[in-house]
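Observations on the model geometry
What follows is each chain in one-letter form.
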Amino acid sequence: MTFMSSLKQRWNQADSLVCVGLDPEPAKFPAKFGGNADAVFDFCRDIADATAQYACAFKPQIAHFAALGAEDALQRLIAHIHARHPGVPVILDSKRGDIGSTAQHYAAEAFDRYAADAVTANPYLGRDSVQPFLDRADRGVVVLCRTSNPGAGDLQDLMIDGRPLYQHVAEKVAREWNTHGNCSLVVGATWPAQLKEVRAIVGDDVPFLVPGVGAQGGDVEAVVTNAKNAAGTGLMVSSSRAILYASKGDDYAEAAANAARELRDQINRFR
Ligand SMILES: O=c1ccn([C@@H]2O[C@H](COP(=O)(O)O)[C@@H](O)[C@H]2O)c(=O)[nH]1
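Read on for an overview of the structure. Bear in mind that the values here come from a model prediction, so they are computed numbers and not experimental data.

Let us look at the site of the ligand. Every one of the 15 residues lining the ligand counts as a neighbour, but Asp23, Ser148, Gln216, Ser240 and Arg241 are closest to it. A distance of 3.2 Å separates an oxygen atom of the ligand from a polar atom in the side chain of Lys59. The separation between a nitrogen atom of the ligand and a polar side-chain atom of Ser148 is 2.6 Å. Burial of the ligand by the protein chains amounts to 88% of its free accessible area of 470 Å². Its residues assigned to classes, the shell around the ligand comprises four nonpolar, six polar and five charged.

Because side chains alternate across strand E2 (residues 57–60), one face comprises the buried residues Ala57 and Lys59, and the other comprises Phe58 and Pro60, equally buried. Pairing of strand E1 (residues 18–22) with E2, which is carried by four bridges, proceeds in the parallel orientation. From the neighbouring strand, Leu22 faces E2, where its bridge partner is Pro60.

Here the focus is the packing of helix H8 (residues 165–177) against helix H9 (residues 192–202). Where H8 contacts H9, the axes come no closer than 9 Å and their chain directions differ by 30°. One finds that H8 runs roughly parallel with respect to H9. The handedness of the crossing between H8 and H9 comes out as right-handed. Only Gln194, Glu197, Val198, Ile201 and Val202 of H9 make contact with H8, whose side of the interface consists of Tyr166, Gln167, Ala170, Glu171, Ala174 and Arg175. Each residue belonging to the contact of H8 with H9 can be placed in one class, and the counts come to six nonpolar, two polar and three charged.

Enumeration over the complete set of coordinates arrives at zero disulfides. Cys19 provides the cysteine sulfur closest to Cys44, a residue in no disulfide bond, and the two sulfurs are 13 Å apart. Take Cys44: its relative accessible area is 1%, and that puts it in the buried class. Its sulfur unpaired, Cys56 is 6.0 Å from the next cysteine sulfur, which belongs to Cys19.

Definitions and cut-offs
Residues numbered from 1 in each chain as written. Predicted model: local features only at pLDDT ≥ 70, side-chain atom pairs only at ≥ 80, totals over all residues. Heavy atoms only, no water. Near = heavy atom within 4 Å. Polar contact = N/O pair within 3.5 Å; in protein donor to acceptor, adjacent residues only side chain to side chain. Areas by Shrake-Rupley, 256 points an atom, 1.4 Å probe, with all protein chains shown as cover. Nonpolar A, V, L, I, M, F, W, Y, C, P; charged D, E, K, R; others polar. Buried < 20%, exposed > 50% of the residue type's maximum accessible area, 1.4 Å probe, protein only. Helix = DSSP H or I, 4+ residues; strand = E, 2+ residues; numbered from the N terminus. Pairing = 2+ DSSP bridges. Axes fitted to C-alpha atoms, helices over the stretch in contact; angles between N-to-C directions. Parallel < 35°, antiparallel > 145°, perpendicular 65-115°, else oblique. Left-handed = near helix turned anticlockwise from the far one by under 90°. Contact = heavy atoms within 4.5 Å. Disulfide = S-S within 2.5 Å.

Pasting the structure below:
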């Protein structure tokens, strides 16, 4: 099954637009993980198992693993999700982009080494830098468009031919790069007006990965009303810290499940 068909099936079967972010930070883990050499894997596995029923996707962020030398834990975590929660796609958030010959290795890293269903990609180097990802028609390519961070507008809002750069990215991805129908866009929850503009540009068939609710303070109602498609789907609303670290006690997994369920229900009120 392709990334897009898994995602659509998951939106409907789980009735959820929640993407659970997996960003391990051992200093925030519950005390019971102290002294556990495999804490990164064990913690993320527990969170994935507790939240899977409320998730349309999982999104591990690669730097959180690589900085700890825990690439092996990331590989095993994705394998665990595929085995225990088949049908829930995994988006590797690595924001890759480089000259084509190197980008091929980034595509192999995401799709062959880690077996991710989709990857985030940086469009700054142009189409040839993203082509090795686009060519994997069964996998998703989630292109940065209007990111959630405070400095997003420094470059993404620069006006070119009368329109901000992020609108050119949206247009190019939807009209030119999406030949296999495997493209999505990152548009931050912290920018509701831009979410609406980008949806108007790309239409209903390009899903958005929307980070920025929870710890970054994005407004769920504004996200959903501005960015949903005609079917009331089209979104992967991503939350990491607010789910992962909902409790530092022994009830961490239950608290994460409650946070994911509450986010799902909040989103569904506005669909
Ligand atoms: O524009 C972007 C693109 C990616 N991210 C990533 O999403 C999560 C957000 O974590 P929270 O704890 O829910 O704030 C994190 O992995 C970022 O690297 C983003 O925030 N904004």
